[in-house]
Amino acid sequence: MLHVNHTSVDRAALGERLFELWERTGSPALEALAHGRAPFEGASVETPQLFVDWVSTCLMDSYKDTADSQVFALLFELNRASFLYAIQCNLRRSYHQVDAQDVLQEVFLNIYRYPHRFLADKADAFRGWGHRIARNTLLKFLKGATRLSRFQAIDEEITQP
């Protein structure tokens, strides 16, 4: 598995993976990124964050067009940690017993199911879209946990003499 920290990206290892995916998908954007270039005219990959944002956005766009499982796997590897961190930060503010890994799995399942809803119009398009999915998925889990706790409280009231 390729470990990527957004501030210190191993561009060589990532470039190799992107090149392989370009050969599989034919995506010109992935080819440009594999060579360390911007994926589109007028785009910039000057900072590590911009580079990783463009990589994620172009991977999602390529997945939308090809449904290639290896493209999705790299997208997951690159974004798993940041999505999990965001989920965990939001869970710290709640009093519910929700497993962050379960939420993360559901987030990527939703990304997998609905690629046609993705619009690759700017570098951070995937980051923004994915984190909105994460927020909405977490809210769904928290609502479910609230309902479950209400049912458990009612059950306790019924069983007590």
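The model shown is predicted, which means the values in this text are computed figures rather than measured ones.

Trainee: Which residues make up helix α4 (residues 69-92), and what are the values?
Mentor: An α-helix turns once per 3.6 residues; consequently, residues spaced three or four apart project the same way. The terminal C-alpha atoms of α4, which comprises 24 residues, lie 33 Å apart, in line with the 34 Å expected from a rise of 1.5 Å per residue. Along α4, the largest kink reaches about 50 degrees and is centred on N79. Buried residues of α4: V71, F72, L74, L75, E77, L78, N79, F83, L84, I87, C89 and L91, and no others. Two or three places before Q70, at the start of α4, stands the capping residue D68, its side-chain oxygen 2.8 Å from that residue's backbone nitrogen.

Trainee: Pulling in residues and values, what's your account of the pattern of salt bridges?
Mentor: Enumeration according to the criterion identifies 5 salt bridges in this entry. A salt bridge links D68 to R24; its shortest N-O distance comes to 2.9 Å. Highlighted residues: D68 in the loop between α3 (48-66) and α4 and R24 in helix α1 (residues 11-25), separated in sequence by 44 residues. Among the residues examined, D68 registers a relative accessible area of 10% and is labelled buried. With a closest N to O distance of 2.6 Å, D53 and R127 form a salt bridge. Residue D53 is found in helix α3, and its partner R127 is found in helix α6 (residues 125-159); the two are separated by 74 residues along the sequence. A residue is classified by how much of its surface remains accessible, and R127, at 35% relative accessible area, is partly exposed.

Trainee: Could you give an account of the nonpolar core, naming the residues involved and the relevant values?
Mentor: Of all hydrophobic cores here, the largest spans 41 residues; its most connected members are L18, L59, I87, V107 and I111. Counting only elements with at least two residues in this core, the list comes to α1, α2 (28-34), α3, α4, α5 (100-113) and α6. Here this core gets 9 residues from one element, more than from any other, and that element is α4. With residues up to four places along the chain from it excluded, the contact list for L18 reads L30, L33, A34, V55, L59 and L74.

Trainee: Which residues make up the layout of surface pockets, and what values do they have?
Mentor: A volume near 170 Å³ is recorded for the largest pocket. Forming the boundary of the largest pocket are N110, Y114, R117, W129, R132, I133, N136 and T137.

Conventions we followed
- Residues numbered from 1 in each chain as written.
- Predicted model: local features only at pLDDT ≥ 70, side-chain atom pairs only at ≥ 80, totals over all residues.
- Heavy atoms only, no water.
- Helix = DSSP H or I, 4+ residues; strand = E, 2+ residues; numbered from the N terminus.
- Expected span 1.5 Å × (residues − 1).
- Bend = angle between axes of the 7 residues up to and from the residue.
- Buried < 20%, exposed > 50% of the residue type's maximum accessible area, 1.4 Å probe, protein only.
- Polar contact = N/O pair within 3.5 Å; in protein donor to acceptor, adjacent residues only side chain to side chain.
- Salt bridge = Lys/Arg side-chain N within 4 Å of Asp/Glu carboxyl O.
- Core = buried A, V, L, I, M, F, W, Y, C linked by side-chain atoms within 4.5 Å.
- Contact = heavy atoms within 4.5 Å.
- 1 Å grid on protein atoms, 1.4 Å probe; cavity = no way out; pocket = protein on both sides within 12 Å on 5 of 7 lines; lining within 4 Å.
- Points joined across faces, edges and corners; volume = space filled by probe spheres on them.

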